[in-house]
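Coordinate analysis (summary)
Each chain is listed here by its residues.
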Amino acid sequence: MKLFARELRLLLRDRAAWALVLLFAGVLAYALWNGADLARRQRDTARAIEQSTAAFDKQVREVLGVQAIDPRQLARQPLTASFTPAPLPLLASGQADLAPMHESVSLFRLEQPSDARVEIENPSRLLAGRFDLAFVLVWLFPLFLLALAYDLIAGDRESGTLRMVLARGVAPWKWIAVRAIARGAPVLALALAATLLSGWSADAAVGARLAFACAVVLAYGLFWLAVAALVNGFAKSAASAASAAGAAWVGIVLVIPTWLNVLVESLHPMPSRAELVASARQAAGDAERRGSELLSSFYKDHPEWMPPGMQADFMQQLLAQQDEVGRAIDPVRERFAAELRDQQSMVETWRFLSPAIATHEALTDLAGTGYWRTEAFRAQVAAFKQRVEDFYAPRIHGNKPITKDDLAALPRFTFAEEPDAAWQGRVLASIAGKLGLVMLVLLIALRRISARVLAVSSA
Amino acid sequence: MLEAKQLTKRFQDRVAVNGLDLRVAPGEIYGLLGPNGAGKTTTINLFLGFLSPDGGCAVIDGVDVAADPVGARRKLAYIPEQVALYPRFTGVENLEYFSALGGRSHTPNELYELLERAGLPRAAADRRVGTYSKGMRQKVGVALALATGAKVLLLDEPTSGLDPAASHDFSQLLRRLAKEQVAILMATHDLFRAREDATRVGILIGGKLAAEYSRRELEKADLEKLYLERLRA
């Protein structure tokens, strides 16, 4: 501990170190402020949706108290499926700035508009997203760490203090480990403090998520300190150590994620969005032209919904057309979903090629703005659309009014969070993978440093 | 005590130290002379454990350096030709830092006293080392050697670049340490200092000890003449 304090004092005697630490604090503060803005907008949106849903519910309840309602009238009103605000929106905006916070669900809506609005792309693309805390932690935090720790021993080797230090009888690995931690401590402490601060305005109990987020940040920081140690094992001077550290940052944070993104998109290309929209339009046009023929065919499939005397109205025809459109574009939608799943699966498999990817995935997962929670929302919205259809379609086809007895069965959307164990398992795997990488890099670094120390000290 | 037994070190096809047998007893100052490339610094590095020997062994106070380099280093103090210190620390902070690395803890007063014993006044001790002259840095190195309380002292060209007064002060200090039963091995080109201070002098040529002279022999002979004769032989 005393050695740590001395190393820290040595570091803080350097004005450049103070400048770096203050700059990093400023960058973190800006990222948190940026995230707070997104979180506020999400909260406001959710509150507004909640209020309008409650008002609509109240209105329906009052009307049903005195009279039955034609299902066509009620089904025309769009229902809003609201995405519960993320547990830690300040930590990572993730897909929150692309995926919608709510979806408008109506029985009478052709399929393509809602899906076309949603940007279903690979999450790794989001690495270049908004200037949020995750961006700072994944991209800039390693740079600041390396700026303070790139010359763990390279500078001492040049100045000759390395021989003086080693002659004191200190174990090289111990001295370098303490120095690395001391050099990284100010930036690491700020990163952890900012991570904890990201839970400041969270609504739900987020203690466990914050603890996991701190572990993710700590493991990522340790990885970069291990990289600094490795670089010092190879570099002959402080200048070459700085170049090597910079190259490591570019490779791990920029090149590998970009390369993986290109690879993922080449192996699992997303179908054209234009194809989805065009096929929906074509299906809608065809369905309109086929009109009553389509309705007859529909009732052949659903004889239980056939109205008495077969006198179909406009809405019944529209439902039949919509069913046909859905059937026509289902294969395209399924291709989108399948490619997206494959892309995500590939990213999951190869994320440890770059701890930057693994860290970003873990942080967005913890923030509740990652792929898994967003995908869960999409799946639940799809299920809700089905519930809406299952509720209204038979009543419209059967000309069956909605009464107060149906009140409890009226479709309402509530987002169901996945069990804690699910995200905990994914994040734990990410932390364990990173710690494994830390051990691997340290192992190579220590072997290299021991050999290096002996060889160079003799010069 | 410091001992080399058939100590050998090769760099590819060049033999830097060739079966060196050397023993420096407590209270002795051994002056190791030799031309550039004779193997003086390699010998010091072998005693420090910065190099592994290809044959024989180096022993510091009973500890085989190759087997336990860290343990051996804890038993010695080392002053190189250029005492490299951290320029952003003051003299006393450097002393405290390097002492702590060796597992030694001193009060601030003890640190100032050590620096004063080494010839560095308190006012200078509180200045950043970046402003120090070579002689002042050398004094911090001496204070560090004093702080360790080691029974073995390795010196590699310790008086190189020092002015005569600083060099004289350094000699006085070495003699005091020898009286305290410290075994001192001093690799040097400074024939005058070797003759003045050493209790024994060895001339290393091509990694081999070509000649060795006792204090009594040195008093009777001209060391420079002996040294040049050995070089020409």
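So, here's what we can say about the structure. Each residue is numbered by its place in its chain's sequence as written, counting from 1. Throughout, the order in which chains and ligands are written sets their labels, letters from A for the former and numbers from 1 for the latter. Given that this is a predicted model, residues contribute local features only at a pLDDT of at least 70 and side-chain atom pairs are listed and counted only at 80 or more, while totals for whole chains, interfaces and linings are drawn from all residues. The basis for every side-chain value is the complete set of non-hydrogen atoms in the structure, without hydrogens or water.

**A closer look at the overall build of chain A**
Here is the rule: For helices the rule is a DSSP run of H or I covering at least 4 residues; for strands it is a run of E covering at least 2, with both sets numbered from the N terminus onward. Categorising residues by exposure relies on relative accessible area from a 1.4 Å probe, with only protein chains included: less than 20% of the type maximum marks a residue as buried, more than 50% marks it as exposed, and the intermediate range marks it as partly exposed. Contact definition: two residues touch when any of their heavy atoms are within 4.5 Å. A 1.4 Å probe and the Shrake-Rupley method give the accessible areas. Residues count as covered only by the protein chains that appear here.
Helix and strand content of chain A: 15 helices and two strands. Looking at chain A residue by residue over its 459 residues, the buried ones come to 50%. For chain A, the proportion of contacts with a sequence separation of at least 24, taken over those separated by at least 6, is 86%. Accessible surface, chain A: about 20200 Å² in total, of which carbon and sulfur atoms supply 62%.

**Quick look at the layout of surface pockets**
Residues and elements named next belong to chain A. Selection criterion: Here a cavity denotes grid points, spaced 1 Å and computed from the protein atoms alone, that fit a 1.4 Å probe unable to get out, and a pocket denotes an open set having protein on both sides within 12 Å along at least 5 of 7 lines; residues with an atom within 4 Å of a point are the lining. Grid points are joined across faces, edges and corners, and a volume is the space filled by probe spheres set on the points. Any residue outside Ala, Val, Leu, Ile, Met, Phe, Trp, Tyr, Cys, Pro, Asp, Glu, Lys and Arg is labelled polar, Gly included; the first ten of those are nonpolar and the last four are charged.
In this model, the largest pocket occupies a volume close to 580 Å³. What lines the largest pocket is a set of 28 residues, and nearest its centre among them are Ile49, Glu50, Thr53, Thr80 and Phe413. Where the lining of the largest pocket is concerned, the elements lending two or more residues are α2 (15-66), β1 (79-82) and α14 (371-397). Looking at which element gives the most residues to the lining of the largest pocket, the answer is α2, with ten residues. Split into classes, the residues belonging to the lining of the largest pocket amount to 15 nonpolar, seven polar and six charged.

**What about the packing of α2 of chain A against helix α8 (residues 172-197) of chain A?**
When two helices pack together, you describe them by how their axes are tilted relative to each other and by the distance separating the axes. Residue and element names in this part refer to chain A. This is how the line gets drawn: Orientation is described by axes fitted as lines to C-alpha atoms, over the contacting stretch for helices, and by angles from 0 to 180 degrees between their N-to-C directions. What sets the label is the angle itself: under 35 degrees gives roughly parallel, over 145 gives roughly antiparallel, 65 to 115 gives roughly perpendicular, and the rest give oblique. What makes a crossing left-handed is the near helix being turned counterclockwise from the far one by less than a right angle; a clockwise turn instead makes it right-handed.
Two elements in contact, α2 and α8, have axes separated by 10 Å at closest approach and are oriented at 15°. One finds that α2 runs roughly parallel with respect to α8. In this structure, α2 meets α8 at a crossing whose hand is right-handed. On the side of α2, the interface is formed by Val21, Phe24, Ala25, Leu28 and Leu32, while α8 contributes Pro186, Val187, Leu190, Ala191, Ala194 and Leu197. Here the residues of the contact of α2 with α8 are counted per class, giving eleven nonpolar, no polar and no charged.

**Structural notes on the pairing of strand β10 (residues 208-214) of chain B**
As a general feature of sheets, a regular strand has side chains that alternate between the two faces. All names here are of chain B. Rules: In short, DSSP must find at least two bridges between two strands for them to pair.
Examined bridge by bridge, strand β9 (residues 200-205) and β10 share six bridges and lie antiparallel to one another. Bridge pairing in β10 links glycine 202 to glutamate 212. Linking β9 to β10, which pair antiparallel, is a turn of two residues; within it glycine 206 sits at a positive phi near 60°.

**Considerations on the packing of aromatic side chains**
To describe a pair of aromatic rings, one takes the distance between the centres and the angle between the planes. Residues and elements named next belong to chain A. Worth spelling out the cut-off: Only the six-membered ring of Trp is used, alongside the rings of Phe and Tyr, when aromatic pairs are assigned; centres must lie within 6.5 Å, and planes under 30 degrees apart are stacked while those over 60 apart are edge-to-face, with the rest tilted. Geometrically, a charge over a ring is one whose NZ (Lys) or CZ (Arg) sits within 6 Å of the ring centre while staying within 35 degrees of the ring normal.
Tallied over the full model, the rule gives 21 aromatic pairs over all chains. When the ring of phenylalanine 384 is compared with that of phenylalanine 413, the centres are 5.4 Å apart and the planes differ by 65°; the resulting orientation is edge-to-face. Here phenylalanine 384, found in helix α14, pairs with phenylalanine 413, found in the loop between α14 and α15 (420-457); they are 29 residues apart in sequence, far enough to count as distant. For phenylalanine 413, a relative accessible area of 14% gives the class buried. Counting every residue linked through ring pairs, the aromatic cluster contains Phe24, Phe141, Phe144, Tyr220, Phe223 and Trp224. The side chain of arginine 209 reaches across the aromatic face of tryptophan 423, ending 4.4 Å from its centre. Above the ring of phenylalanine 391, the side-chain terminus of arginine 395 is found at 3.9 Å from the ring centroid.

**Remarks on the environment of leucine 46 of chain B**
Residues and elements named next belong to chain B. When you line up the elements, leucine 46 lands in helix α1 (residues 40-48). Judged by relative accessible area, which is 2%, leucine 46 ranks as buried. Filtering out sequence-adjacent residues up to four positions away, leucine 46 remains in contact with Leu7, Lys9, Val17, Leu51, Ser52, Pro53, Ala58 and Val65.

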